[in-house]
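# Topology and contacts: notes
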Amino acid sequence: MSRFYPPVASLTQQQPVPTEPLSSKSSLGVQHHLDVVRKKLSTRKGWLGDYDYAWLCSPTLPCSIGGKRPARRQPPFYGVGDELPLVLAMASGLQHALAMLAGLITPPIVFASSLALDAQTSAYMISASLIGILSLVQMSRIKLWKRYYLGTGLLSVVGTSFATLSTANSIFNAMYANGTCPSVTGVDGTVTRGACPDAYGMVLGTSLICSLLEIGLSFIPPRTLQRIFPPMVTGTVIVMIGASLLGSSGIPNWGGGSNGCQTRPTSGPLALCPTVSSKHALPWGSPEFIGLGFLSFSSIIITELIGSPFLKNASIIVGLAVGCIVVGAVGYIDGSTITSAPNITFLWVHTFKIGVYPPAILPVLAVYVSTMMEAIGDITASAEVSRLEVTGADFDSRIQWGVLSDSLGGFISALFTVTPLSIFAQNNGVIALTRCANRAAGRWCCAFLILFGVLGKVSGFFLAIPNPVLGGVTTFLFASVVVSGLRVLSYVNYTRRDRFILAAAMSFGVGDLLMPDVFTYLFEAVKNPNSGLQGLFESITIVLSTPFLAAGVVAVILNLILPQEALQGEEDENEGVEKVEEDVEASNKECKR
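In this report, the structure presented in the accompanying data block is examined. (Residues numbered from 1 in each chain as written. Predicted model: local features only at pLDDT ≥ 70, side-chain atom pairs only at ≥ 80, totals over all residues. Heavy atoms only, no water.)

Helices and strands together make up the secondary structure of the chain, namely 24 helices and 6 strands. Relative to its 593 residues, the chain shows a buried fraction of 51%. Summarising the internal contacts of the chain: among those between residues at least 6 apart in sequence, 81% fall at separations of at least 24. Taken as a whole, the chain presents about 26,500 Å² of accessible surface, with 65% of it coming from carbon and sulfur. (Helix = DSSP H or I, 4+ residues; strand = E, 2+ residues; numbered from the N terminus. Buried < 20%, exposed > 50% of the residue type's maximum accessible area, 1.4 Å probe, protein only. Contact = heavy atoms within 4.5 Å. Areas by Shrake-Rupley, 256 points an atom, 1.4 Å probe, with all protein chains shown as cover.)

Between its first and last C-alpha atoms helix α4 (residues 86-114) spans 42 Å; for 29 residues at 1.5 Å apiece the expected length is 42 Å, and the two agree. If you look at α4, its biggest bend is around 40°, right at Met100. Counting buried residues along α4, 25 of its 29 residues qualify, which places the element largely inside the surrounding structure. One or two residues past the end of α4 sits Ala116, with phi positive at roughly 55°. (Expected span 1.5 Å × (residues − 1). Bend = angle between axes of the 7 residues up to and from the residue.)

Topologically, Thr164 is positioned in helix α7 (residues 162-177). Among residues more than four places away in sequence, those in contact with Thr164 are Phe111, Val367, Thr419 and Pro420.

For the rest of this paragraph, the subject is the environment of Asn313. Inspection of the secondary structure puts Asn313 in helix α12 (residues 309-313). The spacing of Asn313 and Ala99 is 214 residues in sequence and 5.7 Å in space, taken between C-alpha atoms. Contacts of Asn313, omitting those with residues within four sequence positions, involve Gln95, Ala99, Gly429, Val430, Leu433 and Thr434. A polar contact of 3.2 Å, which involves the side chain of Asn313, links it to the backbone oxygen of Pro309. (Polar contact = N/O pair within 3.5 Å; in protein donor to acceptor, adjacent residues only side chain to side chain.)

The next thing to look at is the pattern of salt bridges. By the definition in use, this model includes 4 salt bridges. Between Arg398 and Asp394 there is a salt bridge, with its nearest N and O atoms 3.2 Å apart. With Arg398 and Asp394 both in helix α16 (residues 393-415), this residue pair falls 4 residues apart, about one helical turn. Arg398 gets classed as buried once you look at its relative accessible area, which sits at 4%. For Asp498, the salt bridge identified is with Arg497, shortest N-O distance 3.7 Å. Asp498 sits in the buried class, given a relative accessible area of 9%. You can call Arg497 buried: its relative accessible area is 5%. Each member of the salt-bridge network shares a partner with another, and the members are Arg141, Asp394 and Arg398. (Salt bridge = Lys/Arg side-chain N within 4 Å of Asp/Glu carboxyl O.)

Another point: the packing of helix α11 (residues 287-306) against helix α20 (residues 467-489). Interaxial distance between α11 and α20 falls to 7 Å at its minimum, and their mutual angle equals 45°. As summarised for this structure, α11 and α20 are arranged oblique, according to the angle between their axes. In this structure, α11 crosses over α20, and the sense of that crossing is right-handed. Here Phe289, Leu292, Gly293, Ser296, Phe297 and Ile300 of α11 come into contact with α20, specifically with Pro468, Val469, Gly472, Val473 and Phe476. Residue composition of the contact of α11 with α20, by class: 8 nonpolar, 3 polar and no charged. (Axes fitted to C-alpha atoms, helices over the stretch in contact; angles between N-to-C directions. Parallel < 35°, antiparallel > 145°, perpendicular 65-115°, else oblique. Left-handed = near helix turned anticlockwise from the far one by under 90°. Nonpolar A, V, L, I, M, F, W, Y, C, P; charged D, E, K, R; others polar.)

Let us now look at the pairing of strand β1 (residues 142-145). Bridge count between β1 and strand β2 (residues 148-150): 3 bridges; the pairing is antiparallel. By the bridge assignment for β2, Lys143 is matched with Tyr149. (Pairing = 2+ DSSP bridges.)

On the surface, Val510, Leu514, Met515 and Val518 cluster together into a nonpolar patch covering about 390 Å² of accessible area. Structurally, the position occupied by Met515 is in the loop between α21 (496-514) and α22 (531-545). The class for Met515 is exposed, based on a relative accessible area of 54%. (Patch = residues over 30% accessible without salt bridge, like charges linked within 9 Å, V, L, I, M, F, W, Y side chains within 5 Å.)

Turning our attention to the packing of aromatic side chains. By the definition in use, this model includes 16 aromatic pairs. For the ring pair Trp348 and Phe416, a centre distance of 5.4 Å and an interplane angle of 80° mean the geometry is edge-to-face. Taken as a pair, Trp348 in the loop between α14 (336-340) and α15 (361-385) and Phe416 in the loop between α16 and β6 (421-423) lie far apart in primary sequence, 68 residues in all. Looking at Trp348, the relative accessible area reads 46%, which means it is partly exposed. Each residue in the set Phe111, Tyr124, Phe172, Tyr200 and Phe352 is aromatic and connected to the rest through ring pairs, giving one cluster. In this structure, Arg141 is placed above the aromatic ring of Tyr149, and the distance from its NZ or CZ to the ring centre is 4.4 Å. (Phe/Tyr/Trp six-rings, centres within 6.5 Å; stacked < 30°, edge-to-face > 60°. Lys NZ or Arg CZ within 6 Å of the ring centre and 35° of its normal.)

Our next topic: the state of the cysteines. Under the defined criterion, the tally for this structure stands at 2 disulfides. A sulfur-sulfur separation of 2.1 Å characterises the disulfide bridge that pairs Cys181 with Cys196. Note on the Cys181 and Cys196 pair: the S-S dihedral is about -65°, so by sign convention the disulfide is left-handed. Here Cys196 lies in the loop between β5 (191-193) and α8 (197-217) and Cys181 lies in the loop between α7 and β4 (183-185), a separation of 15 residues in the sequence. We note that Cys181, like Cys196, is buried. The side chain of Cys261 participates in a disulfide bridge whose partner is Cys273; the two sulfur atoms lie 1.9 Å from each other. Torsion about the S-S bond of the Cys261 and Cys273 cystine: about 110°, corresponding to right-handed handedness. With a gap of 12 residues between them, Cys261 in the loop between α10 (231-254) and α11 and Cys273 in the loop between α10 and α11 connect regions that are remote in the sequence. Summarising the burial analysis for this pair, Cys261 and Cys273 share the class buried. Among the cysteines of the chain that take part in disulfides, numbered as they appear in the sequence, the pairing is 1-2, 3-4. Distance from the sulfur of Cys445, which forms no disulfide, to the nearest cysteine sulfur (Cys446) is 5.3 Å. (Disulfide = S-S within 2.5 Å.)

Turning to α22, a few remarks are in order. The terminal C-alpha atoms of α22 lie 21 Å apart, and with 15 residues this matches the ideal 21 Å at 1.5 Å per residue to within 8%. Structurally, α22 contributes buried residues whose contacts are with α7, α15, α21 and α23 (547-561). In this structure Asn530 caps α22, since a side-chain oxygen of it lies 3.2 Å from the backbone nitrogen of Gly532.

Take a look at the structure:
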């Protein structure tokens, strides 16, 4: 395959590509840049340009008088290196920040809930996840030496990978099961987890050393990587990531919580959700919880129906906002997390004991392979929606050094107390809708995210959001991940070989979703294994118990060992050639007679 995604009809056919290469301004002097800044700050064009801001903020009506919608001139397209007015840069940057906000806060909230961490630690984890410094590196395309770069040079923003979230949950479950983390089992069999911040530190340390794998893979030619990980493999992995998060976090939180109260124990602190001591605690699945989640979910749909382009890109935040307004009015929000959160915070205000958990090494290595596959697909989509070529040496360079930046980001993020990162795909939709692919908007996006992260009360507010409201929003968010995987799978030709590989991979993936404990007792009969062998058993169990890892491993292996089949068009062409050759041979025999 020559590229990660096959060509599709897109907006790239509607606008010419930017005529100015990315590196054309690198040789200009400091005086030139000062003149540009002065012109921007002192002229109306520098502030506003000729963008149609009314279009950006006008609501969309489902229908109009006479059944026709008035035709409107779309705003101009701003390429990667074009001159961008300040107001548009800030507005578009805010849109990008709002579009990825829910995706950024969800992983630390789930991590903190899984490990029963206190409010101060949880709030810090949210703040650290929001501080988007590493996105600036991914967008910059820094020249290192010769033909080596760092970053894509596109409007590519990064955040905590959902692949990490799914795998870390399996790792945490294993740590509680083997006694690495404390837990208490009640008389009715209910397991109550104790706080285990060291488990998060072990995931960070394991991620730090495992990032070396993706760093090494980034130096493999992109076309080789695309042959090893075709859409059939990556699509399966993405579908399983979204589906597993729906079942383990999205829907359980919609019903009231995912911390164990979803089993509806008859006694103990988890008899009610989120706990019996919580404000307005109710049994899991109560109508009040379901209604609050549906309110947030339906708000997202209504925003897509009538919202302006600006609001459509921030529909997830609209769903959170509407839900929070209602639960605040009826007294469901516990403000203690907001009160206890600091006014100002930053990285390393709270630290974790970094360690390595050997059974997690193999699963985390698979996570980095997954984030690399995500990066290849998202960089391709970013280049396409930015009106840039998606073939050739320049595109391959963006892929290769974008993956390098992604892997280095995984290494550095562990030092920043954040789990491995990946490029966010939803921001490509913001580019397509606003017609602004300029990196200046991406820098403003980073500025807003850093601001949100530094303001400690913001993370405290997100932590105070009730589980049903968060569940209604994240259910939609995780379902969007599933749809992204289905879109990638739509590029598969579905030969008999492809159908066989997908069936084998889905057997493990979907099987894990429906029966999560099926591989838990696989090595229970092994008596007195040594520590190394026990670690290997736990590592294999984690891989087999994580839907996207199990499905991905099967898909990769079968894709490498099963022989390729000719496509139907190629078969018809071969049959045609053979028929022509037979006719020629018959004609020659006739002539000899």
